[in-house]
Each structure stands twice: as structure tokens, then as C-alpha cells.
Amino acid sequence: MRVHQYVYFALASRQVPAADITARLGIEPDEVRIRGSRRTQPSIPASHTWRIVCRKPGLTVDEQIDQILDRLHAHADRIGELAAELDQIEGSPGSSTLQVVRVLEHPDGEDEDLTSPVEGLEKLPGQHQLLGWHLDARALDFLRRTHAELDIDEYAYG
């Protein structure tokens, strides 16, 4: 099995542009999306988005989350204040998201490593080294302080 996965933290708003989010936080994003930049009716993307992304191969999801938290954890309270303001402007929660995306059998995904970490033991297929992850106390604290939702998308190429 081949696995492709990445994680990002995003702030999104239908009304506040990503450039304003950048100016407010003083943190340059890795990616931005501009509302309606691909199509205006209906508006696609549906919102402006400011993102910090980890697409580094070979890392588990929790390691990718750690990469993002290493960059943002010190700013969590300021991010949370802005997220609360965006939620108020939008009239609903959900402006702040930690997104996990995993695609199974992706053509650009990483192959399963069938070598055993313990000499003399056989590793059985189906125990891909990238599968499985957890959120530690630091990650949970970050989600709480930034008012972030955790969204997990998993897809499979057929």
C-alpha cells in the first residue's frame, strides 16, 4: 500500500482576506487561498484561507502536527483571539482548523517499509509505518487555545 499524507493549520473567513490575517498575526503563511479566485458563482474557494502546512514525507501524522506546532505553539493565544473574532464576524464557529489529509494508494505515496525494526522478526504487510497517530497534551492544548476544530479526511484511490 502507498500512503500520501499531510497536515495543515488554517484560519478561514468569507470576509477577511488572508493578507489581513497575515498582517494581524505577523506570521507568513505557507499557502493562501483567495475566495472566489477560481470561480465566482458559486464562489470557489468558498473562503479566504491562511495556512501553515507540513507535507514532509516519511513523517507520521503526529510528527507532522509537531512540525506545525513547533512553528505556531508560541503564538496560540494570539491565533485564538483572532479565531474568536473571525467566528464572530462569520456568525458561527469553525474559522480555525487543524486538518489531517491521508490518501491511500496515492500514486505519489510512500511505499510500506517491509523491513522489521527488530532483526530476525518478519514484518507482515498491512502494518504501514505511516498509519496510526495520536494527539499529545501539547497538541490538545494548542487546539483549545486556538479554538481549532480537528478535521480528518481519508481517501483511497481505487
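The structure we're discussing is the one just above.
Here the residue numbers are simple positions, counted from 1 along each chain's written sequence. In view of the model being predicted, local features appear only for residues whose pLDDT reaches at least 70, and side-chain atom pairs are presented and counted only at 80 or more, with totals across whole chains, interfaces and linings using the full set of residues. Only hydrogens and water are removed before side-chain values are computed, so all heavy atoms of the structure are retained for them.

Trainee: Residue-level account of the packing of aromatic side chains, with values.
Mentor: Stacked, edge-to-face and tilted labels apply to pairs of Phe, Tyr and Trp rings (six-membered ring for Trp) whose centres lie within 6.5 Å, assigned for plane angles under 30 degrees, over 60, and everything in between, in that order. Tallied over the full model, the rule gives two aromatic pairs. Measuring from ring centre to ring centre gives 6.3 Å for Tyr6 and Tyr8, while their planes differ by 20°; the resulting arrangement is stacked. For every residue, the accessible area obtained with a 1.4 Å probe (protein chains only) is divided by the maximum for its type, and the residue is called buried under 20%, exposed over 50%, and partly exposed between those limits. Overall, Tyr8 belongs to the buried group, its relative accessible area being 11%. Measuring from centroid to centroid gives 5.2 Å for Phe9 and Phe142, while their planes differ by 70°, and the two rings are edge-to-face.

Trainee: Any details on the pattern of salt bridges? Residues and values, ideally.
Mentor: When charged atoms on two side chains of opposite charge get close, those side chains can pair. Here, a salt bridge means any side-chain nitrogen of Lys or Arg that lies within 4 Å of a carboxyl oxygen of Asp or Glu. Applying the stated criterion to the full structure yields 13 salt bridges. A salt bridge links Arg71 to Asp30, with the shortest nitrogen-to-oxygen separation between them at 2.7 Å. Of this pair, Arg71 sits in helix α2 (residues 61-72) while Asp30 sits in the loop between α1 (18-25) and β2 (31-33), placing them 41 residues apart in sequence. Look at the salt bridges and you will find they share partners, linking Glu31, Arg33, Arg51 and Arg55 into a network. Secondary structure elements are taken from DSSP: a helix is a run of H or I of four residues or more, a strand is a run of E of two residues or more, and numbering for both begins at the N terminus.

Trainee: I'd love a proper account of unusual backbone geometry, names of residues and values included.
Mentor: Pro42 follows Gln41 through a cis peptide bond whose omega is -5°. Structurally, the position occupied by Pro42 is in the loop between β2 and β3 (48-54). Of note, the phi angle at Glu105 is positive, near 60°, even though the residue is not glycine. Along the polypeptide, Glu105 turns up in the loop between β4 (96-104) and β5 (110-111). Judged by its relative accessible area of 40%, Glu105 is partly exposed. In this structure, His147 takes a positive phi of about 60° despite not being glycine. Its location among the elements puts His147 in the loop between α4 (137-145) and β6 (149-156). Under the relative-accessibility criterion, His147 is labelled partly exposed at 45%.

What is shown is where atoms sit, not what they do.
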